[in-house]
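For reference, the chains in residue letters:
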Amino acid sequence: MSTDAKNSIAQMEKIVSLCKRRGFIFQSSEIYGGCGGVWDYGPLGAELKRNLRSAWWNTMTREREDVLGLDASILMNPAIWKASGHVDTFADLMRECSLTNKRVRADHVEPQEGVVMNYSGAKSPTGWKLARPISVLMKKGEHIESLRKRVRTLIASNAGEAAGKVEEIELLDETKGDTLEKTVDFHPETGGALGEARPFNLMLKTYLGPTATEADVTYLRPETAQAIFAQFKNVFDSSRVKVPFGICQIGKAFRNEVTPKNFTFRSREFEQMELEFFIKPDEVVEIICGEVAPWSEGADLSEPKPNWGWQLWHRYWVDQRTKFYQGIGLGDVLEYYWQTSDDLAHYARACVDILCEFPFGTEELEGIAARGDFDLSAHQNASTKSQEIFDEELKTAAAKLTDEQKEALIQKRLAVEAAKTKGAPMTEAAVRAWFERLFKGSYVPHVIEPSAGLDRMALAVLAKAFSETEKVDEKGKKEVITVLRLHPRVAPIKVGVFPLLKNKPELVAKAREVYALLKKHMNCFYDETASIGRRYARQDEVGTPFGVTIDFETCGEKGPELLDTVTLRHRDSGEQERVKISELLGKLLPLVS
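Residues numbered from 1 in each chain as written. Predicted model: local features only at pLDDT ≥ 70, side-chain atom pairs only at ≥ 80, totals over all residues. Heavy atoms only, no water.

S.K.: Is there a simple way to explain the pairing of strand 27 (residues 546–550) in this structure?
M.R.: Within a regular beta strand, the side chains point alternately toward one face of the sheet and then the other, so they alternate between its two faces. A large share of strand 27 lies buried, amounting to five of its five residues. Here strand 27 shows no split at all, with Phe546, Val548 and Ile550 on one side and Gly547 and Thr549 on the other all buried. Two strands pair when backbone bridges link them, and strand 25 (residues 495–499) and strand 27 are joined in this way by five bridges, in the parallel orientation. In the sheet register, phenylalanine 498 faces strand 27, and the bridge partner there is threonine 549. (Buried < 20%, exposed > 50% of the residue type's maximum accessible area, 1.4 Å probe, protein only. Helix = DSSP H or I, 4+ residues; strand = E, 2+ residues; numbered from the N terminus. Pairing = 2+ DSSP bridges.)

In structure tokens, the structure reads:
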């Protein structure tokens, strides 16, 4: 393993340790041995998630006029998941270890090298037998006795008490096989040979009703998006909105990940933040505006225009989401992956993954997809309930078109369908029927979907903020100082309030007064124990951006000009300034909001 890889693993371990030690994130059900791939957020983690959630919600809804919110239920009619394709296709390719039956995602097996060791089976003095061949990879540098012990232990753990003592299990007919390089055919943990890749549905099944029969089967939602599509017409009809507009929501989702990994990055229970932004099909834009504005590098994305088609809307949302991440301190760790035609789903026109640097590598933080009308049309077909909207402006503009202009639009679409390389193209009859509805003012909107994970976002923020420095005191003793340089907007605690000395009633009383003033408007922490330097360090470690110290100057002992002023300390710069208590709230609020 390279030095960089070791350093990255070490840093991740430090972040995990800090999260537990200071109350950000705990293993779920830890006192019972844990629950794999599920995590609980402690007091500071809950505040961090709440701040991220609020920042996203405010950015998406309250600061805009064209996005509405939704809070849909986790349990839905299972027909929704059939229509969306999740029942049939929401699966990862899995491979199973022939030694332990452990599953691993086929794309999560890192290349390994070593020697294949083969056995015809195993037996023990209890009379237990394993009557099938075993192939195990002895990794480079591993001693044969270590391998044998490992295989016996794995066999015993799988067989249970019937196999007896681990050390008494006999491996039969050991033979040495090929030496392999860069093989992905052995389980990364057990070393056992992997079977063929098979699809494994990721949805968690449950029952809705008293009988727990197949008729009662439903699923914990694997994403929040489908509820938005299912409620599209209700929101549209009740909210007096016009396309383009969006519906967003934040909520829990569940995926039966076989190999959850990298702390909270890939979990079985997580929180999604999704926007479905509904736009006019390009044909509608062309009919109303006379043209569809083309995308080009350097295009002005600051304000949406009526003649924007799906390309500009997609780029606009990539730009908007990038600005959001910059606003919470992640701007300099972002990368982008524009999916190729081979990567894209058959219905998608484009998709960009916003990537982020984590200690374990550069991974996806958010996906922004142009999904066409696939979702609404799928639910329209399955439910037989129309998802079309009527646009008077479209009907009026279409009425002004000549028959030749209408036919030109139809031929243009037919050419697009004929050029499709994925999915079944629409027949000419279907295209003409679609335009017939369009010319009368009715259509199913298309959608741009920015989809982010709140847990991943929280982990990205923590990883980016984590820093260590080495400090040497006057005696030459070295100490590692940990600081979370969290953006003030998302920091769990905004301000620490400290009386310089706890045994001076006048300082404590004034500190309590300042604390009461601030805590109504932001999350604060009051601390009067240990030296002031130690108190600063404790707050630095949990990411608190500001410290307010009440000292003797506050009480007027150094002159009336400093009466009712406090020391305001800035975490990242270490700068300290005197601020009047009457001006403190006005100074801090813009910095933490």
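S.K.: Teacher, can you tell me more about the pairing of strand 6 (residues 112–119) here?
M.R.: Within strand 6, six of the eight residues are buried, leaving the element largely enclosed by the surrounding structure. In this structure, strand 6 lies alongside strand 11 (residues 175–183), joined through five bridges in antiparallel fashion. Bridge assignment links glycine 114 to a residue of strand 11, and that residue is leucine 180. Relative to strand 9 (residues 134–139), strand 6 is paired through six bridges, and the arrangement is antiparallel. Paired with asparagine 118 across the two strands is serine 135, which belongs to strand 9.

S.K.: Would you take a moment to explain the pattern of salt bridges for this structure?
M.R.: As enumerated under the stated definition, the model contains 44 salt bridges in all. Residues glutamate 366 and arginine 321 are paired through a salt bridge, measuring 2.8 Å at the closest nitrogen-oxygen approach. On the criterion of sequence distance, the pair formed by glutamate 366 in strand 19 (residues 361–372) and arginine 321 in helix 9 (residues 310–327) is long-range, its members being 45 residues apart. Each member of the pair, glutamate 366 together with arginine 321, is buried. Through salt bridges with shared partners, a single ionic network connects Asp92, Arg105, Asp107, Glu257 and Arg266. (Salt bridge = Lys/Arg side-chain N within 4 Å of Asp/Glu carboxyl O.)

S.K.: What am I meant to see in the environment of isoleucine 581 here?
M.R.: Tracing the backbone shows isoleucine 581 in helix 17 (residues 581–592). For isoleucine 581, a relative accessible area of 12% gives the class buried. Placed 354 residues apart in sequence, isoleucine 581 and alanine 227 show a C-alpha to C-alpha distance of 48 Å. Once residues within four sequence positions are removed from consideration, isoleucine 581 is found in contact with Lys510, Val514, Leu517, Thr554, Asp564, Thr565 and Val566. (Contact = heavy atoms within 4.5 Å.)

S.K.: Honestly, the sheet that holds strand 19 in this entry has me stumped. Any pointers?
M.R.: Paired through their backbone hydrogen bonds, the strands of a sheet run either parallel or antiparallel. Sheet architecture is open: seven strands sit in the order 3-15-16-22-19-18-17, paired in mixed fashion. The open sheet has two free edges, formed respectively by strand 3 (67–69) and strand 17 (334–338), since each of these has just one partner strand. Going from strand to strand, the sheet's axes swing by 25° on average, the running direction of each strand aside. Each of strand 3, strand 15 (245–254) and strand 16 (269–279) touches helix 2 (residues 43–62); the most contacted strand, strand 15, lies at about 160° to it. Contacts from helix 7 (residues 232–239) reach strand 3, strand 15 and strand 16, with the element oriented near 140° to strand 15. (Axes fitted to C-alpha atoms, helices over the stretch in contact; angles between N-to-C directions.)

S.K.: Honestly, the side chain of histidine 379 in this entry has me stumped. Any pointers?
M.R.: You can see histidine 379 is positioned in helix 10 (residues 374–383). Given the relative accessible area of 8%, histidine 379 is considered buried. Each residue touching histidine 379, except ones within four places of it in the same chain, is listed here: Ile80, Ala83, Ser84, Gln226, Phe229 and Thr384.

S.K.: I keep staring at the packing of helix 2 against helix 14 (residues 454–465) and nothing clicks. Help me out?
M.R.: Any two packed helices are characterised by the angle at which their axes cross and by the distance between the axes. Across the interface, helix 2 lies against helix 14 with an axial gap of 10 Å and an inter-helix angle of 110°. One finds that helix 2 runs roughly perpendicular with respect to helix 14. Considering only the axes of helix 2 and helix 14, their crossing is right-handed. Note on element contacts: helix 14 touches helix 2 through Leu454, Asp455, Met457, Ala458, Val461 and Leu462, opposite Leu48, Lys49, Leu52 and Arg53. Residue composition of the contact of helix 2 with helix 14, by class: seven nonpolar, no polar and three charged. (Parallel < 35°, antiparallel > 145°, perpendicular 65-115°, else oblique. Left-handed = near helix turned anticlockwise from the far one by under 90°. Nonpolar A, V, L, I, M, F, W, Y, C, P; charged D, E, K, R; others polar.)

S.K.: Please explain unusual backbone geometry as it appears in this structure.
M.R.: Trans peptide bonds make up the majority, and among non-glycine residues the majority have a negative phi. Here the amide bond leading from valine 243 into proline 244 is cis, since omega sits at 10°, within 30 degrees of zero. When you line up the elements, proline 244 lands in the loop between helix 7 and strand 15. In this structure, aspartate 173 is a non-glycine residue whose phi angle is positive, near 55°. On the secondary structure map, aspartate 173 appears in the loop between strand 10 (170–172) and strand 11.

S.K.: It is not clear to me how the packing of aromatic side chains should be interpreted in this structure. Could you clarify?
M.R.: How two aromatic rings sit relative to each other is given by the distance of their centres and the angle of their planes. Under the criterion given, the structure shown has 22 aromatic pairs. In this arrangement the basic side chain of lysine 49 is found over the ring face of tyrosine 41, its NZ or CZ atom lying 4.2 Å from the centre. (Phe/Tyr/Trp six-rings, centres within 6.5 Å; stacked < 30°, edge-to-face > 60°. Lys NZ or Arg CZ within 6 Å of the ring centre and 35° of its normal.)

S.K.: How do you make sense of helix 13 (residues 428–439) when you look at a structure like this?
M.R.: Since the α-helix turns once every 3.6 residues, residues separated by three or four places project in the same direction. Its twelve residues place the ends of helix 13 16 Å apart at the C-alpha level, agreeing with the 16 Å of an ideal helix rising 1.5 Å per residue. Of the positions making up helix 13, those classed as buried are Val431, Trp434, Phe435, Leu438 and Phe439. Seen end-on, helix 13 carries its buried residues on one side only, within an arc spanning 130°. Contacts made by the buried residues of helix 13 are with helix 8 (282–289), helix 11 (392–399), helix 12 (403–418) and strand 21 (442–443). A positive phi of about 100° marks glycine 441, the residue just after helix 13. (Expected span 1.5 Å × (residues − 1). Arc of directions from axis to C-beta.)

S.K.: Sorry, what's going on with the sheet that holds strand 12 (residues 198–201) here?
M.R.: Taking strand neighbours across the sheet as the criterion, the three strands line up as 5-4-12 in an open arrangement whose pairing is antiparallel. Edge positions in the sheet fall to strand 5 (103–105) and strand 12, since each has one partner strand and no second. Within the sheet, the average angular offset between the axes of one strand and its neighbour, ignoring direction, is 50°. Where strand 4 (residues 91–96) lies against strand 12, four bridges are found, and the strand directions are antiparallel. The partner of leucine 93 across the bridge, within strand 12, is proline 199.

S.K.: Teacher, can you tell me more about the environment of valine 416 here?
M.R.: Mapped onto the elements, valine 416 comes out in helix 12. Between the C-alpha atom of valine 416 and that of lysine 165, which follows or precedes it by 251 residues, the distance is 68 Å.

Don't take any of this as a statement about function, it's just geometry.
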